[in-house]
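A look at the structure
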Amino acid sequence: MFRPALVVRSRGVALFLGIGVVPQSARQSAGPGGRRCRRCGIGGGVWGAAIRVVVFVGVVMGVVCRRSRAGWSVRDVRCAVTETGSLGVSGRGRRRRRCRTSGYREVGVRFAFYGRMSTREFQHRETSLAWQREVAEATISGRGVVVEEFFDEGCSRRASWWKRPAAAALLAAAGSSDCGFDAVIVGEYERAFCGNQFREVMAALGECGIQLWLPEADGPVDLADPEHRALMVLLGAQSRREAVRSRHRVLAAMRTQACEQGRFLGGRPPYGYRLADAGPHPIAEHARWGRRLHQLEPDPVTGSWVRWIFEQRAAGRSIAGIARELNDRGVVCPSGADPGRNRHRSGRAWRTPTVAGILENPRYTGRQVWNRTGTTGSPGAARRAGGTGRRTDSGEWVVSTAPAHAALVDEETFRSVQGIRSVRQSRDGGTRTYLLSGFVVCGACDRRLDSHWAHNRPGYRCRHGRTSARAEAPGLKSVYVREEHLLDGLRSQLPEVTGDADVVDHLRANGLVIVYLGPDWMLERIEPEAVTTALPPSGTQLAFPVC
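Parameters and conventions
- Residues numbered from 1 in each chain as written.
- Predicted model: local features only at pLDDT ≥ 70, side-chain atom pairs only at ≥ 80, totals over all residues.
- Heavy atoms only, no water.
- Helix = DSSP H or I, 4+ residues; strand = E, 2+ residues; numbered from the N terminus.
- Buried < 20%, exposed > 50% of the residue type's maximum accessible area, 1.4 Å probe, protein only.
- Polar contact = N/O pair within 3.5 Å; in protein donor to acceptor, adjacent residues only side chain to side chain.
- Contact = heavy atoms within 4.5 Å.
- Salt bridge = Lys/Arg side-chain N within 4 Å of Asp/Glu carboxyl O.
- Pairing = 2+ DSSP bridges.
- Axes fitted to C-alpha atoms, helices over the stretch in contact; angles between N-to-C directions.
- pLDDT = per-residue confidence, 0-100.

One non-glycine residue with positive phi stands out, namely Asp446, at about 65 degrees. Looking at the element boundaries, Asp446 is found in the loop between strand S17 (440-442) and strand S18 (450-454). If you check the backbone angles, His455 has positive phi at about 55 degrees while not being a glycine. Considering the arrangement of structural elements, one finds His455 in the loop between S18 and strand S19 (457-462). Assessed through its relative accessible area of 71%, His455 is described here as exposed.

Laid out in structure tokens, this is it:
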């Protein structure tokens with residue numbers, strides 16, 4: 001007779017474990033002692049024992065399949081045996097017991113997910129987050145669930161975890177007393193780590209009792225395992241190599257595009273120019289997407305002022321005088337003309353460095369220039385903060401071999417202006433030395449006095465904040481003092497020193513500055529750290545510039 005061996009119903013889901021072929025004789029055989037199971041009617045003997053073993057294994061496997069989503073542990077096996085016994089397979093009359101760890105088994109390990117994307121401008125957050133989350137979910141499938149999510153946007157992989165907003169928040173949450181996760185899972189090693197960052201992060205999480213899971217390791221990383229250590233070294237080197245190769249390829253391509261093709265590679269257009277359409281993208285696929293190139297064209301409002309600046313400088317006018325007249329005429333400065341691209345500047349007035357920057361920019365000759373500024377040391381930081389980075393040496397600039405846009409200044413005028421901007425010697429052909437440069441402070445405004453040569457003697461002056469680009473404001477009168485008068489007074493107050501150089505060394509060693517107010521002055525002590533960072537070496541030689 002064919003009869004179902006066992007059908008288990010658990011939480012509304014029927015698990016059909018199999019159909020056993022149970023001979024009628026086996027069911028009716030009493031076996032030793034003539035006893036028969038009260039629940040299933042299976043008798044004793046060899047047939048009865050075999051049937052009980054098959055049914056018991058089937059029930060255990062059914063419970064295993066049901067618990068596989070939430071992970072497996074020794075406690076789960078005990079619970080499975082308990083539930084099997086409650087079905088009457090392994091013992092008589094045993095009542096069903098509820099396992100205390102059922103809630104834990106349903107959730108498993110609580111994970112915090114971490115992901116990252118490099119840029120906001122060229123990557124889609126939802127797309128990047130989705131594929132990284134998918135890889136992480138596949139890694140922890142059946143072993144736990146993600147309960148918290150941390151995702152960094154616009155962060156370089158070379159930035160430390162403590163300098164990434166979301167990563168820093170994850171580390172802070174891991175160290176808190178009410179931490180809501182047991183482990184951290186990342187979508188990809190290269191998305192999270194670079195170089196030796198993995199060891200630093202794992203050490204920080206290990207102190208908090210938090211595991212670190214990787215898809216490449218298919219689970220938690222154990223640095224005590226030689227294979228895991230070798231894998232982490234390989235992944236770190238691969239991540240660093242990928243970053244270096246990507247940077248090299250991109251920079252090489254941009255250098256070629258700027259030099260050979262004269263292509264505009266982005267950024268703020270220089271003062272006097274504006275962006276114009278330059279046709280479809282040269283790559284057909286990009287052109288089908290609607291991408292177009294841009295080029296520079298003269299701005300009808302600000303372009304004439306750039307020509308005026310070069311004309312005035314070529315005529316021998318000082319940079320400070322040009323900046324002062326631009327402010328007096330009310331000409332809008334570069335940051336004021338384009339505030340959207342210059343959010344990091346005030347846009348209030350012209351400054352001498354602004355005029356000098358215009359005079360040294362080869363773009364005004366019609367040639368394209370790239371790499372005038374860089375971010376070496378903090379890649380991407382200046383761009384993401386809205387700044388321009390550090391200024392590179394002119395030898396590192398990439399200038400197009402042919403004109404790429406309309407010129408505002410001819411190359412002959414541009415070269416003549418560069419010659420005017422060179423530093424000139426003093427009338428006697430030598431350089432001028434100021435022994436107390438940086439050691440004299442104004443007693444009225446607390447500013448350091450500027451070095452000033454007057455009547456063939458070194459001296460110092462304070463204009464109380466007035467600059468060459470701005471007209472003199474009413475208020476305090478400028479202060480002048482000769483260096484020899486200060487040295488004579490110092491030698492009288494410091495009898496232990498003799499020579500002028502010894503006086504300067506004494507001031508530096510003791511952290512002293514001269515506070516000058518009119519004809520009176522005194523010595524005051526400042527912090528040693530401020531002395532070492534603010535004061536130049538004794539006997540500083542300053543060349544006299546044009547402006």
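With respect to the element layout, Arg367 can be found in the loop between helix H14 (352-359) and strand S12 (369-370). A polar atom in the side chain of Arg367 sits 2.9 Å from the side chain of Glu411. In this structure, Arg367 is in contact with Pro362, Val399, Ser400, Thr401, Ala402, Pro403, Ala404, His405 and Glu411, ignoring residues within four places of it in sequence.

All told, the structure shown has 17 salt bridges when counted by the stated rule. Asp218 serves as the salt-bridge partner of Arg143, at 3.5 Å between the closest nitrogen and oxygen. Within this pair, whereas Arg143 is found in the loop between helix H5 (125-139) and strand S6 (144-153), its partner Asp218 is found in the loop between strand S8 (211-214) and strand S9 (219-220), the two being separated by 75 residues in sequence. Across the salt bridge formed by Asp500 and Arg491, the nearest N and O atoms sit 2.2 Å from each other. Connected through shared salt-bridge partners, Arg120, Arg125 and Glu153 make up one network.

Strand order in the open sheet made by the five strands is S6-S5-S7-S8-S9, with mixed pairing throughout. Among the strands making up the open sheet, the edge pair consists of S6 and S9. Strand contacts of helix H6 (residues 165-175): strand S5 (109-117), S6 and strand S7 (183-186), with the helix running at about 140 degrees to S6, the strand carrying the most contacts.

Here the focus is the confidence of the model for the protein chain. Counting all residues, the mean pLDDT for the protein chain is 74, and 70% of those residues have values of 70 or more. Low confidence marks residues 1-35, where pLDDT is under 50. Its contacts with residues over four positions away, or in another chain, come to 53 contacts. Note on residues 528-547: pLDDT under 50 across the span, and 39 contacts to partners over four residues away in sequence or across chains.

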